[in-house]
Amino acid sequence: MRRVVVGAAIVDGAGRLLAAQRAQPPELAGGWEFPGGKVDPGEDDRTALVRECREELGVLIEVGEAVGGDWPLGGDRVLRVWLASVVEGEPEAKEHRELRWLALDELDEVAWLPADLPIVRAVRALLGGI
Ligand code: 9L3
Ligand code: MG
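The text that follows walks through the structure, step by step, so that each part is easy to find. (Residues numbered from 1 in each chain as written. Chains lettered and ligands numbered in written order. Predicted model: local features only at pLDDT ≥ 70, side-chain atom pairs only at ≥ 80, totals over all residues. Heavy atoms only, no water.)

Thoughts on the sheet that holds strand S2 (residues 17–21)
- An order of S3-S2-S8 is seen for the 3 strands of this open sheet, with the pairing classed as antiparallel. In this open sheet, the two edge strands, each paired with only one partner strand, are strand S3 (32–33) and strand S8 (98–102).
- When S2 meets S3, the two strands line up antiparallel, connected through 2 bridges. For Gln-21, the partnering residue across the bridge sits in S3 and is Trp-32. (Pairing = 2+ DSSP bridges. Helix = DSSP H or I, 4+ residues; strand = E, 2+ residues; numbered from the N terminus.)

In structure tokens:
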């Protein structure tokens, strides 16, 4: 069975994207990603995304448009990403090493996880960047 991981491309009012630096596991630590995580059995994808953002960032998000479809994560896992905005709270790195709000022309300043990098390009295109 295909296992689904969900991620949030959280954009603020200034058009900046929230990037989150993983703290673990060791092989991924230091890499930057869209916050998110595994969908629980029987859980709706978007519900999982809201839950993960509450757990990892301490915020309530509103989920918007999907960014593409299923992005490969290796093995039997796929990553699904949605644009999102914060409707309550201020993001805090509860499980990540660090958070950064990146303007569209700053997206290359962090070392994105290889799986997330093509999705970053898709987000930039969606938001009207190059
Ligand atoms: N993953 C990759 N990019 C992402 C996310 C949220 C997750 N944007 C990968 C890293 C882990 C797996 O998916 O191998 C599960 O993620 P998590 O539950 O450890 O966050
Ligand atoms: Mg996670």
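Following the structure, the description resumes.
Considerations on the coordination of the magnesium ion (ligand 2)
- Coordination of the magnesium ion (ligand 2) by the protein involves Gly-36 (O) and Glu-56 (OE), with metal-donor separations of 2.0 to 2.1 Å. With Gly-36 in strand S4 (residues 36–38) and Glu-56 in helix H1 (residues 45–57), the pair connects residues that are 20 residues apart, well separated along the chain. One exposure class covers both Gly-36 and Glu-56, and it is buried. (Donors = N, O, S within 2.8 Å, 3.2 Å for Na, K, Ca; no water. Buried < 20%, exposed > 50% of the residue type's maximum accessible area, 1.4 Å probe, protein only.)

Concerning the site of ligand 1
- Taken together, 14 residues lie around ligand 1, and Arg-22, Glu-33, Phe-34, Gly-36 and Asp-116 are the ones closest in.
- In the environment of ligand 1, an oxygen atom lies 3.3 Å from a nitrogen or oxygen atom belonging to the side chain of Lys-38.
- Here ligand 1, which alone exposes 440 Å², has 85% of that area covered by the protein.
- Structurally, ligand 1 is housed in the largest pocket.
- Those elements that place two or more of their residues in the shell around ligand 1 are strand S1 (3–10), S4 and strand S7 (77–88).
- Per-element tally for the shell around ligand 1: the top contributor is S4, with 3 residues.
- Here the residues of the shell around ligand 1 sort into 7 nonpolar, 2 polar and 5 charged. (Near = heavy atom within 4 Å. Polar contact = N/O pair within 3.5 Å; in protein donor to acceptor, adjacent residues only side chain to side chain. Areas by Shrake-Rupley, 256 points an atom, 1.4 Å probe, with all protein chains shown as cover. 1 Å grid on protein atoms, 1.4 Å probe; cavity = no way out; pocket = protein on both sides within 12 Å on 5 of 7 lines; lining within 4 Å. Sits in = over half its atoms within 2 Å of the grid points. Nonpolar A, V, L, I, M, F, W, Y, C, P; charged D, E, K, R; others polar.)

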